[in-house]
Amino acid sequence: RRDHVGAFNAMGLRRPHKWPELARAFAERKFLCAGISETWMTGTGRQELYDAESKVHLVYTGLDEKVSPARGKWGVGFCLSPRAYKCWKQSGQQLVTKSARVVSIRFDLKDRNDRPMAFSHTHGYAMQQNASAAEKSEFFSDLPACLATTQPKDFVVLTMDTNCSIGRMAPN
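Just so it is clear, the model here is predicted, and its values are computed rather than measured.

> Would you mind going over the packing of aromatic side chains with me for this structure?
Two numbers describe a pair of aromatic rings. These are the distance of the centres and the angle of the planes. Applying the stated criterion across every chain, the model contains 6 aromatic pairs. A ring pair is formed by phenylalanine 8 and phenylalanine 31, whose centres lie 5.7 Å apart and whose planes are at 75°; its orientation type is edge-to-face. Pair noted here: phenylalanine 8 is in strand 1 (residues 4–9) and phenylalanine 31 is in strand 2 (residues 31–37), with a separation of 23 residues, a long-range link. We classify phenylalanine 8 as buried; its relative accessible area is 15%. Owing to a relative accessible area of 13%, phenylalanine 31 belongs among the buried residues under this scheme. Between phenylalanine 119 and phenylalanine 155, the ring centres sit 6.3 Å apart and the planes meet at 15°, which makes this aromatic pair stacked. Of this pair, phenylalanine 119 sits in strand 8 (residues 116–125) while phenylalanine 155 sits in strand 9 (residues 155–161), placing them 36 residues apart in sequence. A residue is classified by how much of its surface remains accessible, and phenylalanine 155, at 45% relative accessible area, is partly exposed. Ring pairs connect the aromatic residues Phe8, Phe26 and Phe31, which therefore count as one cluster. A cation over an aromatic ring shows up here: arginine 101 above the ring of tryptophan 74, its NZ or CZ 4.6 Å from the ring centre.

This is the structure we're talking about:
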């Protein structure tokens with residue numbers, strides 16, 4: 001069995017009508033774990049995402065409810081398969097949240113030879129070009145701080161929504 005990891009830009013998960021769409025996309029790709037950007041959700045929490053055939057778990061972090069962020073600017077998390085969610089719960093529900101843009105999750109799995117293996121996944125959501133110097137500085141200090149929480153023998157995965165573009169917009 002091969003386990004797949006990935007990343008999605010959810011473009012908002014505050015409204016439950018988007019949850020089945022994300023669950024379907026996650027299940028179609030047979031992901032174990034996927035980093036999620038732009039949840040637009042507040043606080044830190046868990047949510048089960050259902051469609052007719054899959055049961056996916058979302059673990060997320062966003063800004064405090066008191067802060068009213070610009071659309072699409074904040075919120076990261078992970079979608080976990082039922083197997084990954086069970087492993088995460090059995091491993092003590094380790095979630096490191098440095099900000100509403102950087103998060104890490106860690107849980108124990110078994111490798112293909114049935115040996116225990118620690119899995120650490122860090123996901124980052126880089127700010128857009130017009131972000132302030134302070135936002136950029138915070139992100140680029142939070143990312144290595146999250147990665148530093150991994151253990152030496154962990155299988156480490158980093159996924160990222162880099163908000164980058166190639167080339168220049170031209171009228172022609």
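> Where do I start with the state of the cysteines in this structure?
Note on terminology: a disulfide is the covalent bond linking the sulfur atoms of two cysteines. Counted under the stated rule, the structure contains 0 disulfides. Residue cysteine 79 stays outside any disulfide, its sulfur separated by 8.5 Å from that of cysteine 33, the closest cysteine. Using a relative accessible area of 0% as the deciding quantity, one classes cysteine 79 as buried.

> What am I meant to see in the sheet that holds strand 9 here?
Spatially, the 4 strands line up as an open sheet ordered 6-7-8-9, and their pairing is mixed. If you trace the sheet from one side to the other, it starts and ends with strand 6 (94–97) and strand 9, each paired once. For this sheet the average axis-to-axis angle between neighbouring strands, irrespective of direction, equals 20°. As paired elements, strand 7 (residues 102–110) and strand 8 share 9 bridges and run antiparallel to each other. Bridging across to strand 8, aspartate 108 finds its partner in alanine 118. Packing against the sheet, helix 2 (residues 82–90) makes contact with strand 6 and strand 7, and its axis sits at approximately 95° to strand 7.

> What is the right way to look at the pairing of strand 4 (residues 55–61) in this model?
If a strand is regular, its side chains alternate between the two faces of the sheet. Within strand 4, 6 of the 7 residues are buried, which leaves it mostly tucked inside the rest of the structure. When strand 3 (residues 44–50) meets strand 4, the two strands line up antiparallel, connected through 7 bridges. Looking across to strand 4, one finds that glutamate 48 is bridged to histidine 57.

Rules of the game
- The written sequence of each chain sets the order in which its residues are numbered from 1.
- Given that this is a predicted model, residues contribute local features only at a pLDDT of at least 70 and side-chain atom pairs are listed and counted only at 80 or more, while totals for whole chains, interfaces and linings are drawn from all residues.
- Derived side-chain values reflect all non-hydrogen atoms in the structure, with water molecules and hydrogen atoms excluded from consideration.
- Any pair of Phe, Tyr and Trp rings, taking the six-membered ring for Trp, is counted once the centres come within 6.5 Å. Such a pair is stacked with planes under 30 degrees apart, edge-to-face with planes over 60 apart, and tilted for the rest.
- Put simply, DSSP H or I for four residues or longer makes a helix, DSSP E for two residues or longer makes a strand, and each gets a number counted from the N terminus.
- Relative accessibility under 20% of the residue-type maximum defines a buried residue, over 50% an exposed one, and the middle range a partly exposed one, all with a 1.4 Å probe and only protein chains included.
- Comment: the charge-over-ring label is applied if NZ (Lys) or CZ (Arg) is within 6 Å of the ring centre and within 35 degrees of the ring normal.
- The rule for a disulfide is simple: a pair of cysteine sulfur atoms within 2.5 Å.
- Pairing between strands requires that DSSP locate at least two bridges from one strand to the other.
- Note on geometry: axes are C-alpha line fits, over the in-contact stretch for helices, and angles between N-to-C directions span 0 to 180 degrees.
- Contacts are assigned to residue pairs that have any heavy atoms within 4.5 Å of one another.

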